[in-house]
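Commentary on secondary and tertiary structure
Chain by chain, the residues:
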Amino acid sequence: MGHHVSAAPRDSSGYSVRHQDARAPDPDLADHRLHPGAARAGLQYTAGPLDREGRKKPGCERSLQHAAARSTRGSPDAGAHGLPSSLGGVDGARVKAVAEHAAHAFVSYTQADRAWAEWIAWQLEAAGHPTKLQAWDALPGMNFVQFMHEASERCEVTLAVLSPDYLRSTFTMKELYAAIAGGSLRIVRVREVPVTGILGAEIYTDLVGLDEAVARDRLLREFARAPTRIKPQIAPGFPGAAAPVFPGRGVRFGIPHQAALFSGRLAELSELERAFATDDDAIVTQTITGLGGLGKTQLAARYVHEHLGEYDVVAWIRADDGGVSDLARLAGELGVGADGLAPADAVERVLAWLRAAQEPWLVVYDDVASPEVLVGLLPTSGLGRVLVTSRHRGFEQFGRMLALDAFGDDTGAEVLVNRAGRPEDRAGARRLAHALGGLPLALAHAGAYCAEGASFDEYREMLDGLPARELFESSREVFYERTVASTWQASIAAAAGHATLAPRVLDFAAWLAPDLVPASLFAGLLADPRDVREGRVLREAIGTLHRFSLVDAEPTGVTVHLLLQKVVREDAIERRDHAAAAAALRALDATFPAESTVPSSWPVCEPLVAHVRAFARAAGDILPPIGPVALACRASEYLLHAGDHTRAIELAEIAESVAKRRLGPEDPATLGAVALRAAAYGSAGRTADAITLQETVLAGRERLLGTNDVDTLAARADLAYSYGSVGRIAEAIALQETVLSSFERVLGPEHPDTLRARVDLAGSYRSAGRIADAVALQEAVLGDLERVLGPDHPDTLRARAELAGTYRSAGRTADAIALQEALLAARHRLLGSEHPDTLRTRGNLANAYGSAGRTADAIPIQEAVLADLGRLLGSEHPDTLRARANLAASYWSAKRFADAVSLQETVVAEYERLLGSEHPDTLTARANLAGAASGDQPGRAV
């Protein structure tokens with residue numbers, strides 16, 4: 001789809017005249033046009049039928065970036081929170097009621113740092129630690145001093161938001177000294193400021209320069225770990241005399257080493273600590289669940305090492321064999337008289353000891369296969385804590401569950417930077433963290449590898465080019481027993497043992513994107529999707545995969561981690577098992593609408609695009625290439641019509657790459673994909689690039705198919721349209737007249753390709769000044785299109801837009817306005833308010849208003865359209881430049897001369913930079929600017 005750049009010679013509205021062959025710039029913004037050759041790229045080469053409490057607290061979380069960017073306005077001495085102390089008018093009971101709101105931390109800050117204070121308070125409260133904040137808790141009219149006194153007295157901690165403004169404020173410094181004297185001060189430094197003098201002895205939390213995820217983790221780790229008291233769980237020993245040792249005291253069994261560079265799980269560690277900080281005299285069980293490789297064991301190990309002193313006995317039990325072996329060995333360490341007993345009897349002795357123990361103990365069961373296994377490992381009573389790690393999600397009946405997820409890109413980058421020692425390459429670390437899907441195990445492996453010399457970007461390239469087994473085995477991380485390639489094998493086998501269809505479901509999803517896979521696609525795995533029993537089997541398989549943390553399932557679909565997909569795909573390729581890939585192709589082909597250019601199909605198309613992209617990239621070299629190529633072309637064609645030229649180019653490039661690699665550069669499928677990429681370039685305003693590709697396609701089709709083949713004619717029509725777009729009107733008309741004659745002879749006068757060719761030729765007639773010929777042809781073809789394709793078809797709408805532009809060029813402004821208003825209503829209804837074609841129609845209607853002397857109506861529309869086009873298409877897109885020139889002309893008509901000249905100067909400079917000094921659009925823009933400088937009204941639509 002190129003942009004049909006219609007034009008007209010100079011008329012009473014002040015359009016500039018060009019030399020005869022130049023395509024004179026029209027004020028109208030040209031519609032999307034799907035090139036016939038590009039249309040065929042996705043349709044001709046189909047593979048045939050193929051078988052997801054009142055506080056003034058803001059309603060949403062404040063971002064760290066917003067806090068850091070807030071201005072430091074307001075007097076530093078306006079009070080601890082920017083309010084004068086003379087405020088009163090509220091009785092003491094009201095202040096007391098607010099101050100008695102239970103809070104752990106009183107947040108002290110200046111107005112300059114209010115955004116930081118609110119962000120900090122939000123994070124603490126979200127983690128279950130109430131705060132007292134003037135911005136949220138001081139009601140209008142309260143006595144400020146009384147409020148601050150009551151609040152600070154009742155909070156356990158005074159949290160000072162430290163900055164240069166804080167140290168300059170009299171009020172905040174009083175709060176600071178009081179907190180130091182009371183031993184309740186905690187400092188959070190949010191801006192660069194020396195921590196010296198009386199503050200030099202204070203430990204502080206430094207958030208300066210951190211991204212949001214890392215700052216949140218550090219804040220919660222250092223300020224939210226002790227919600228009440230830091231009372232040890234073991235009674236302190238009597239200082240005066242040696243106390244008898246209770247049997248078992250000081251036993252430490254099987255505890256693994258902890259990673260020195262533990263990061264990214266501070267919030268989860270705090271949650272574990274809160275869960276185990278209860279004073280209940282009963283067993284507390286906490287389960288950490290999640291996909292293999294998310295760091296469940298490392299989190300558990302960190303908790304154990306940080307809380308060893310709180311437990312009399314700490315035992316780490318490897319549960320991969322049901323825990324029997326380690327529990328039997330623990331019996332010997334506890335001295336429970338289990339020598340000579342069978343392992344099962346020794347286990348019972350350990351459980352009996354745990355039930356009777358009067359001192360606190362902690363048992364970690366690592367990698368428990370299922371809830372059924374845990375049942376036999378839990379004492380029925382006692383003073384202990386049980387920490388479980390498992391990939392299974394079914395432990396709710398035992399107590400709280402902590403489900404881990406992958407790291408975000410920022411946290412993942414922090415892990416990589418710390419492990420590899422590369423603080424200077426955070427951007428590369430962020431890219432690699434994203435490519436690894438934030439999986440801690442993979443991040444650890446990658447960090448270890450990069451610590452030896454490779455850059456993050458080099459590792460990312462290897463991730464694309466090497467099998468997971470080869471890549472991750474070469475960088476094994478000492479604190480992980482398994483690699484990325486092996487960590488999921490046991491879970492997959494266990495899932496298969498519970499549901500025979502589970503492996504096929506996982507294999508199927510592995511060929512798609514790591515986004516939500518719509519539930520409807522999985523019907524492709526069933527012989528008869530309407531069979532109730534088959535549907536139940538499918539649901540059970542998905543449920544089983546979810547319970548073993550291999551997928552995240554919800555009613556609308558399934559999500560799989562991208563590295564798990566990679567491992568599963570590579571295993572299938574090694575086994576030469578392409579059945580799942582073929583099933584994915586059949587499901588996508590059957591689900592992605594064939595009529596992807598029709599707006600009514602777009603809600604179905606959009607959620608499938610990511611999956612088509614992933615499938616074509618993954619399966620292009622596995623299956624016969626025609627299927628992946630045709631599917632990628634179909635998705636690209638949808639994106640062109642939907643106005644998303646960036647993704648359209650990407651899909652076309654994928655299709656072209658697969659076809660060229662598998663079929664050769666001159667195979668018809670390859671040429672079809674190239675034609676589609678050219679259309680996408682035209683849509684993006686890269687007309688010169690489009691012409692180069694189109695000339696290649698035309699030459700190739702003439703050699704392969706002959707000069708009169710329909711596909712050759714379509715390629716010629718595409719090239720002619722692009723010639724017209726760059727002002728080569730005579731060449732365009734000559735080609736288009738030949739193409740139209742050939743289409744009428746080969747396809748008939750009412751074939752859609754013939755009708756499109758008539759629309760194209762009429763547009764070129766208007767550009768050449770042949771207005772009467774253009775009107776006659778456009779009125780006739782519009783009638784035919786409405787009858788053949790319907791009034792709402794994209795080709796019909798484009799023809800209507802072209803006719804409206806020609807009416808205005810002919811001075812029939814009222815007719816043009818009527819057509820444009822009706823067209824705008826239709827496009828709002830069919831495409832939405834931000835589709836590029838809708839924006840172009842709004843701009844063209846504004847131009848028509850200007851031609852009718854309704855400048856005051858035109859300018860607000862043009863300003864809005866210019867802003868929207870710049871945001872959606874970019875400041876350098878031809879449509880954005882034309883919209884800027886049209887606005888300049890309207891400013892001149894409104895006698896805003898300085899604004900008009902300034903805007904027109906920008907247009908000239910942009911055209912000279914992008915198109916060159918001799919391009920027709922540049923020449924016209926320069927003429928318009930010269931006219932404006934001399935006092936003449938500038939033309940529109942440069």
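Residues numbered from 1 in each chain as written. Predicted model: local features only at pLDDT ≥ 70, side-chain atom pairs only at ≥ 80, totals over all residues. Heavy atoms only, no water.

Another point: the overall build of the protein. When helices and strands are tallied, the protein shows 40 helices and 16 strands. For the protein, the proportion of its 942 residues judged to be buried stands at 55%. Carbon together with sulfur atoms contributes 53% to the accessible area of the protein, which is approximately 37600 Å² in total. (Helix = DSSP H or I, 4+ residues; strand = E, 2+ residues; numbered from the N terminus. Buried < 20%, exposed > 50% of the residue type's maximum accessible area, 1.4 Å probe, protein only. Areas by Shrake-Rupley, 256 points an atom, 1.4 Å probe, with all protein chains shown as cover.)

Interhelical geometry of helix α26 (residues 626–641) versus helix α27 (residues 645–663) gives an angle of 160 degrees and a closest axis separation of 8 Å. Taken together, the axes of α26 and α27 lie roughly antiparallel to each other. For α26 against α27, the interelement crossing comes out left-handed. Counted together, I626, V629, A632, C633, A635, S636, L639 and L640 of α26 and R647, A648, L651, A652, A655, V658, A659 and L663 of α27 form the full contact between these two elements. (Axes fitted to C-alpha atoms, helices over the stretch in contact; angles between N-to-C directions. Parallel < 35°, antiparallel > 145°, perpendicular 65-115°, else oblique. Left-handed = near helix turned anticlockwise from the far one by under 90°. Contact = heavy atoms within 4.5 Å.)

Relative to the helices and strands, P593 is located in the loop between α24 (579–591) and α25 (602–619). Separated by 45 residues in the primary sequence, P593 and Y638 place their C-alpha atoms 9.3 Å from one another. Apart from the residues within four sequence positions on either side, P593 is in contact with S601, V604, C605 and R634.

We now examine the nonpolar core. Counting residues in each nonpolar core, the largest one holds 125 residues, and the members touching the most others are F522 and F615. Dropping the residues within four chain positions of it, F615 is found in contact with W511, L512, A581, A584, L585, L588, G620, L623, P628 and L631. (Core = buried A, V, L, I, M, F, W, Y, C linked by side-chain atoms within 4.5 Å.)

When you tally the buried positions in strand β9 (residues 284–289), you get 6 out of 6 residues, the bulk of the element. Residue alternation in β9 divides its side chains into two sets, V284, Q286 and I288 and T285, T287 and T289, and both sets are buried. In the sheet, β9 pairs with strand β12 (residues 384–390) via 6 bridges, with the strands oriented parallel. Looking at the pairing, T287 lines up with V388 of β12. Note: β9 against strand β13 (residues 400–403), 4 bridges, orientation parallel. The residue of β13 that forms the bridge with T289 is A403. (Pairing = 2+ DSSP bridges.)

With that out of the way, let us pick up the pattern of salt bridges. Per the counting criterion, the structure on display carries 59 salt bridges. The residue D457 makes a salt bridge to R460 at a minimum N-O spacing of 3.0 Å. On the criterion of helical spacing, the pair formed by D457 and R460 is a turn pair, its members being 3 residues apart in helix α18 (residues 456–465). On the basis of relative accessibility, which here comes to 24%, the residue D457 falls in the partly exposed class. For R460, a relative accessible area of 25% corresponds to the partly exposed category. Among the salt bridges present, the one from R716 reaches E702, with a minimum N-O distance of 2.9 Å. Taken together, the residues R716 in helix α30 (residues 710–725) and E702 in helix α29 (residues 687–705) connect sequence positions 14 residues apart. We classify R716 as buried; its relative accessible area is 9%. (Salt bridge = Lys/Arg side-chain N within 4 Å of Asp/Glu carboxyl O.)

Pairing is parallel across the open sheet formed by 5 strands, whose spatial order is β4-β3-β5-β6-β7. Both outer strands of the open sheet, β4 (131–132) and β7 (204–206), are each paired with one neighbouring strand and no more. The pairing of strand β3 (residues 105–108) with strand β5 (residues 157–162) spans 4 bridges and is parallel. Bridge pairing in β5 places S108 opposite A160. Sheet strands in contact with helix α4 (residues 114–126) are β3, β4, β5 and β6 (185–189), and its direction is about 140 degrees off that of β5.

This paragraph deals with α26. An α-helical segment advances 3.6 residues per turn. Residues three or four places apart therefore align on the same side. End to end, α26 covers 23 Å across 16 residues, agreeing with the expected 22 Å (1.5 Å per residue, within 8%). Counting buried positions over the 16 residues of α26 gives 15, a clear majority of the element. At the exit of α26 stands G643, carrying a positive phi of roughly 85 degrees. (Expected span 1.5 Å × (residues − 1).)

In this section: the packing of aromatic side chains. For any two aromatic rings, the description comes down to two numbers: the centre-to-centre distance and the angle of the planes. Here the structure, examined in full by the defined rule, presents 8 aromatic pairs. Both rings, one in F395 and one in F398, keep their centres 6.0 Å apart while their planes meet at 45 degrees; by these two values the pair is tilted. What makes F395 buried here is its relative accessible area of 0%. Note on W602 and Y638: the rings are 6.1 Å apart at their centroids and 65 degrees apart in plane angle, and the pair reads as edge-to-face. Here W602, found in helix α25, pairs with Y638, found in helix α26; they are 36 residues apart in sequence, far enough to count as distant. Accessibility expressed as a relative area gives 10% for W602, which makes it buried. On the basis of relative accessibility, which here comes to 4%, the residue Y638 falls in the buried class. Joined through ring pairs, the aromatic side chains of F592, W602 and Y638 make up one cluster. Sitting above the plane of the Y765 ring, R770 keeps its charged end 3.9 Å from the centroid. (Phe/Tyr/Trp six-rings, centres within 6.5 Å; stacked < 30°, edge-to-face > 60°. Lys NZ or Arg CZ within 6 Å of the ring centre and 35° of its normal.)

Let us now look at helix α17 (residues 440–450). Burial analysis of α17 places 10 of its 11 residues in the buried class, which makes it a mostly covered element. Along α17, the residues classified as buried are P440, L441, A442, L443, A444, H445, A446, G447, A448 and C450.

The strand order β8-β10-β11-β12-β9-β13 describes an open sheet built from 6 strands, whose pairing is parallel. Only two strands of the sheet have a single neighbouring strand rather than two, namely β8 (251–253) and β13. Averaged over all neighbouring strand pairs, the angle between strand axes comes to 15 degrees, with direction disregarded. Docked against the sheet, helix α10 (residues 266–276) engages β9, β11 (361–366), β12 and β13, running at close to 160 degrees with respect to β9.

What follows is about the pairing of β5. Among the 6 residues that make up β5, 6 are buried, leaving the element largely enclosed by the rest of the structure. Covered by surrounding structure in β5 are V157, L159 and V161 together with T158, A160 and L162, the residues of both alternating faces. Judged from the 5 bridges that link them, β5 and β6 form a sheet pairing that is parallel. Residue A160 lies in a different strand from β6, and its bridge partner there is I187.

Moving on, we come to unusual backbone geometry. With the exception of glycine, the majority of residues adopt a negative phi angle, and the majority of peptide bonds are in the trans configuration. Positive phi outside glycine occurs at S549, with the angle close to 60 degrees. Exposure remark for S549: the relative accessible area of 4% places this residue in the buried category. Of note, K895 is a non-glycine position whose phi angle comes to about 65 degrees, a positive value. Position of K895 among the secondary structure elements: in the loop between α38 (878–893) and α39 (897–915). For K895, a relative accessible area of 64% corresponds to the exposed category.

The next subject is the side chain of H611. Along the chain, H611 turns up in helix α25. Its relative accessible area of 0% is what places H611 among the buried residues. Within the structure, H611 has its side chain in polar contact with the backbone oxygen of L516 (distance 2.8 Å). With residues up to four places along the chain from it excluded, the contact list for H611 reads L512, A513, D515, L516, V517, P518 and L588. (Polar contact = N/O pair within 3.5 Å; in protein donor to acceptor, adjacent residues only side chain to side chain.)

Before going further, it helps to examine the side chain of R422. Locating R422 in the fold gives a position in the loop between α15 (409–420) and α16 (426–435). Beyond its immediate stretch of four places on either side in the chain, R422 contacts V417, C450, G453, A454, S455 and F456.

Let us look at the environment of E910. Tracing the sequence through the fold places E910 in helix α39. The spatial distance from the C-alpha of E910 to the C-alpha of L881 is 7.9 Å, given a sequence separation of 29 residues. Setting aside residues up to four positions removed in sequence, E910 forms contacts with E876 and L881.

Now for the confidence of the model for the protein. Looking at the protein as a whole, the pLDDT averages 80, with 81% of positions reaching at least 70. In the model of the protein, strand β1 (residues 2–3) stands out as the element of lowest mean pLDDT, 34, in contrast to helix α33 (residues 771–788), which has the highest, 96. Note that residues 1–25 has pLDDT below 50 and, in this model, 113 contacts with residues that lie over four places away or in other chains. Here residues 225–248 is a poorly scored stretch, pLDDT under 50, and it has 29 contacts once near neighbours within four places are set aside; other chains count. (pLDDT = per-residue confidence, 0-100.)

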